[in-house]
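# A structural walkthrough
Residue-level listing of the chains:
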Amino acid sequence: MATSDPTMTLQLIDTIQRLGVGYYFQDEINNMLEKLTKVLPDDDLYTVALLFRLRRHNGLHTNPQEVFHNFMDANGELNKSSSEDIQGLLSLYEASYMGSTEEYILSNAKEITSIHLSRSVSQLSPKLHQKVVDALRLPRHMRMQRLEARRYIEEYANEDDHNPILLEFAKIDYNMVQSVLQRELLEVTWWWERLGLSSKLVFVRDRHVECFLWTVGLLPELSLSGSRIELAKAIAILLVIDDIYDTYGSYDDLVLFTEAIQRWDLNEMEQLPEYMKICFEALYNTNNDICDKVMRERGFSVQSYLRKTWIDLAKAYMEETKWVKRDRIPTLKHYIQNGVTTSGTYMALMHLFFMVSDGVTSENSQHLLDRYPKFFTLAGTILRLWDDLGTIKEEQERGDMLSSIHLLMKEKSTTCEEEGRKEILQMIYELWNDLNAELVTPDVMLFPMINVALNMSRASQVVYQHNDDSYLTGVEKHVEYLFYKPIDI
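Residues numbered from 1 in each chain as written. Predicted model: local features only at pLDDT ≥ 70, side-chain atom pairs only at ≥ 80, totals over all residues. Heavy atoms only, no water.

### Quick look at helix 3 (residues 45–57)
In a regular helix each residue adds 1.5 Å, so 13 residues correspond to 18 Å; helix 3 covers 18 Å between its end C-alpha atoms and thus fits that length. By the burial criterion, the buried members of helix 3 are Leu 45, Thr 47, Val 48, Ala 49, Leu 50, Leu 51, Phe 52, Arg 53, Leu 54, Arg 55 and Arg 56. Sitting at the amino-terminal end of helix 3 is Asp 44, which places a side-chain oxygen 3.2 Å from the backbone nitrogen of Tyr 46. Residue Gly 59 follows helix 3 closely and has a positive phi angle near 80 degrees. (Helix = DSSP H or I, 4+ residues; strand = E, 2+ residues; numbered from the N terminus. Expected span 1.5 Å × (residues − 1). Buried < 20%, exposed > 50% of the residue type's maximum accessible area, 1.4 Å probe, protein only. Polar contact = N/O pair within 3.5 Å; in protein donor to acceptor, adjacent residues only side chain to side chain.)

Okay, here's the thing in structure tokens:
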């Protein structure tokens, strides 16, 4: 992988990872990034920023103050030579989105590079113009991995200096991964049809493909096939429960349903109406199947952990039901705190914690029964806010006016929805900074889960930030490209 030119080596690493084939060379990539840190020139903004971004992306500690101080003047502004280097500015811009709230040099770099790039974009060559426009629209750090691989394969093919062998390898790998995802989706579909909820319950929609899309967003790695399948099942059950609380169940029935989930006993559900019995039994059995799988693979029981997430979920749904029943409007803070739970974040991330993390034992995970990790909450808040931004039209048509946008407008005493949306977006970007703090000194055991949390935040933006008429239109487009449309070789 190494070349005699450190910059070219870094560009090769970046290209390999963006093409979606970095997982074949992860150990070599980490070793090379460690070696290059010792020999890289410190006066080339493009190369220094690229190394910083790649190291942080791959979980290697890097101090931005030590790395970038050479390019700043005494006032914290970019020095003149750096501000005229468009490739360097673009590289620094991308690196700045890896920064945390406390890393002021990166916050400052983000603001400065955004201004310089926006001013210069009209004067650039067509290819560089497009790269800058794409970056300003969505930095690489925020892009969903499999969709970015597809997009970048097409972009890389149009590069004059592309490596034809690497390009063909990436295309073959993309189509191979797509065929694996198709088989996984078939298994999820078979499970869903055998479960029979959509045939037994008239209000249940067939959304298992959408559920599987989310799992690919969270778990893009080819090796995590079994975890994708099991998580898709859990999310499918979640969406049925969501419909029961949101549209179908009566208040009195929902009280009984919440109590039944809290008791978690199939023998004590006789008082439930038939449709709730069917749903609770599906939840109970699916959860047990997942717990059995983890027990076989990891050697300890996770029943108490996973059950807790479903109980917390039911209680949070019931809280929202009470708001509507009592015509009570929560504060924005309370709404978001509860909404992180109803988004399914804690349920999904707790499942994955025991599926993808190495070194987890019943002893070192005991604290999860008391509180969820901060980065779970950060990713869930980003999901909740993007959900509100992306589905507000559909929710309003159903008569549901409770969203973070409207609550923020109420607290700010404004009637301008566009202003409310802008403030929610700003909250999301600040949450990203907080989430990035987990990358500053990453815990080796937690790093796979930190990546999952980042992937959840990326998938939230991809799924809910759309220019079409509806959320479902955007989902259908992504499903087509990820699962059904291969790349021509």
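That was the structure; now back to the text.
### Things to note about the environment of Met 98
Residue position: Met 98 is located in the loop between helix 6 (86–96) and helix 7 (104–120). With relative accessibility at 2%, the residue Met 98 sits in the buried group. Taking C-alpha positions, Met 98 is 30 Å from Met 176, a pair spaced 78 residues apart along the chain. Look past the residues within four positions of Met 98 in its chain and what remains in contact with it is Phe 52, Arg 53, Arg 56, His 57, Glu 103, His 141, Asn 436 and Leu 439. (Contact = heavy atoms within 4.5 Å.)

### Some thoughts on the environment of Leu 446
Within the secondary structure layout, Leu 446 lies in the loop between helix 21 (417–440) and helix 22 (447–464). Classification of Leu 446 by relative accessible area gives partly exposed; the value is 21%. Distance from Leu 446 to Ala 109, taken between C-alpha atoms, is 28 Å for residues 337 residues apart in sequence. Apart from residues no more than four positions distant in its own chain, Leu 446 is found in contact with Phe 353 and Phe 375.

### A word on the pattern of salt bridges
A complete count under the given rule lists 25 salt bridges for this structure. Of the charged contacts, one joins Glu 159 and Lys 131 as a salt bridge, the two residues approaching to 3.3 Å between their closest N and O atoms. Within this pair, whereas Glu 159 is found in the loop between helix 9 (145–157) and helix 10 (164–195), its partner Lys 131 is found in helix 8 (residues 126–137), the two being separated by 28 residues in sequence. Exposure remark for Lys 131: the relative accessible area of 33% places this residue in the partly exposed category. Linking Lys 308 and Asp 312 is a salt bridge whose minimum nitrogen-to-oxygen distance equals 2.8 Å. Taken together, the positions of Lys 308 and Asp 312, both in helix 16 (residues 303–325) and four residues apart, correspond to about one turn of that helix. Accessibility assignment for this pair places Lys 308 and Asp 312 in one class, buried. What emerges from the salt-bridge pattern is a single network uniting Arg 18, Asp 134, Arg 143, Glu 148, Arg 151 and Glu 155. (Salt bridge = Lys/Arg side-chain N within 4 Å of Asp/Glu carboxyl O.)

### Overview of the nonpolar core
In summary, soluble globular proteins display a tendency toward joint burial of nonpolar side chains. Within the largest apolar cluster, 155 residues are counted, with the highest numbers of intra-cluster contacts made by Phe 68, Leu 197, Phe 257, Trp 310 and Phe 354. Each residue touching Phe 257, except ones within four places of it in the same chain, is listed here: Ile 241, Ile 244, Tyr 245, Leu 272, Met 276, Cys 279 and Phe 280. Among the nonpolar cores identified, the runner-up in size contains 11 residues, and Leu 10, Ile 29, Leu 36 and Leu 40 belong to it. (Core = buried A, V, L, I, M, F, W, Y, C linked by side-chain atoms within 4.5 Å.)

### Section: the side chain of Ser 460
The residue Ser 460 is located in helix 22 in this model. Ser 460 gets classed as buried once you look at its relative accessible area, which sits at 0%. Ignoring sequence-local partners within four residues, the contact set of Ser 460 consists of Trp 214, Leu 383, Trp 386 and Gln 465.

### A look at the packing of helix 13 (residues 225–248) against helix 16
Packing of helix 13 against helix 16 brings their axes to within 10 Å, and their N-to-C directions diverge by 25 degrees. Put simply, helix 13 runs roughly parallel to helix 16. Considering how the two elements wind past one another, helix 13 and helix 16 form a crossing that is right-handed. In this structure, helix 13 uses Ala 234, Ile 237, Leu 238, Ile 241, Asp 242 and Tyr 245 to contact helix 16, whose residues at the interface are Trp 310, Leu 313, Ala 314, Tyr 317, Met 318 and Thr 321. Its residues assigned to classes, the contact of helix 13 with helix 16 shows 10 nonpolar, one polar and one charged. (Axes fitted to C-alpha atoms, helices over the stretch in contact; angles between N-to-C directions. Parallel < 35°, antiparallel > 145°, perpendicular 65-115°, else oblique. Left-handed = near helix turned anticlockwise from the far one by under 90°. Nonpolar A, V, L, I, M, F, W, Y, C, P; charged D, E, K, R; others polar.)

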